[in-house]
Amino acid sequence: IALKYSGKELDAMKAVAAAHTSRSLLEFEKALNVYEMELSEDLIVHSHLSALYDTLLEQNLLRLIEPFSKVVRTLATIMTFTSLH
């Protein structure tokens, strides 16, 4: 049974799973390039990978924006407090 679930297809899915776990777009794109044949054969897999890429991109953008949104909230609080006094 172990031989049934081995090979490049499984390696491709492991690479995609590792990229998702580490939330790394770079690893995800590397997996897509290394395992292009295995990952692009199935339209359903391709569709899911496209959605996963969008999710990873969104998570990375939110991670970049989060510190700035905290600064904006702090400044808004300070400005509101200052204008009241």
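Quick note: structure is the one above.
The paragraphs below set out a description of the structure included in this document. Predicted model, so just to flag it, every value in this text is computed and none were measured.

## Considering the overall build of the protein chain
No. 1: Counting its secondary structure elements, the protein chain contains 4 helices and 0 strands.
No. 2: The linear arrangement of helices and strands in the protein chain, starting from the amino end, is α-α-α-α.
No. 3: Its C-alpha atoms give the protein chain a radius of gyration of 21 Å, clearly above 12 Å, the size a compact globule of 85 residues would have.
No. 4: Along the three orthogonal principal directions, the C-alpha set of the protein chain runs to about 75 × 25 × 20 Å.
No. 5: Once local pairs closer than 6 in sequence are excluded, the contacts in the protein chain between residues at least 24 apart make up 61%.

## Let's talk about the environment of His20
No. 1: One can find His20 in helix H1 (residues 8-21).
No. 2: A relative accessible area of 36% places His20 in the partly exposed class.
No. 3: In this structure the C-alpha to C-alpha distance between His20 and Leu52, which are 32 residues apart in sequence, comes to 8.1 Å.

## Let's talk about the side chain of Glu38
No. 1: Secondary-structure assignment places Glu38 in helix H3 (residues 36-40).
No. 2: Although buried, Glu38 forms no salt bridge, and the nearest oppositely charged side chain, Lys8, lies 4.0 Å from it.
No. 3: If sequence neighbours within four positions are ignored, Glu38 has contacts with Lys8, Glu9 and Ala12.

## Considerations on the packing of aromatic side chains
No. 1: A complete count under the given rule lists 1 aromatic pair for this structure.
No. 2: Centroid distance Phe28 to Tyr53: 6.0 Å. Interplanar angle 40°. Geometry classified as tilted. Here Tyr53 lies in helix H4 (residues 43-84) and Phe28 lies in helix H2 (residues 25-34), a separation of 25 residues in the sequence.
No. 3: Residue Phe28 is classed as buried on the basis of its relative accessible area of 0%.
No. 4: Given the relative accessible area of 26%, Tyr53 is considered partly exposed.

Definitions and limits used
Residues numbered from 1 in each chain as written. Predicted model: local features only at pLDDT ≥ 70, side-chain atom pairs only at ≥ 80, totals over all residues. Heavy atoms only, no water. Helix = DSSP H or I, 4+ residues; strand = E, 2+ residues; numbered from the N terminus. Rg over C-alpha atoms; globule rule 2.2 N^0.38 Å. Contact = heavy atoms within 4.5 Å. Buried < 20%, exposed > 50% of the residue type's maximum accessible area, 1.4 Å probe, protein only. Lys, Arg positive; Asp, Glu negative; His and termini not counted. Salt bridge = Lys/Arg side-chain N within 4 Å of Asp/Glu carboxyl O. Phe/Tyr/Trp six-rings, centres within 6.5 Å; stacked < 30°, edge-to-face > 60°.

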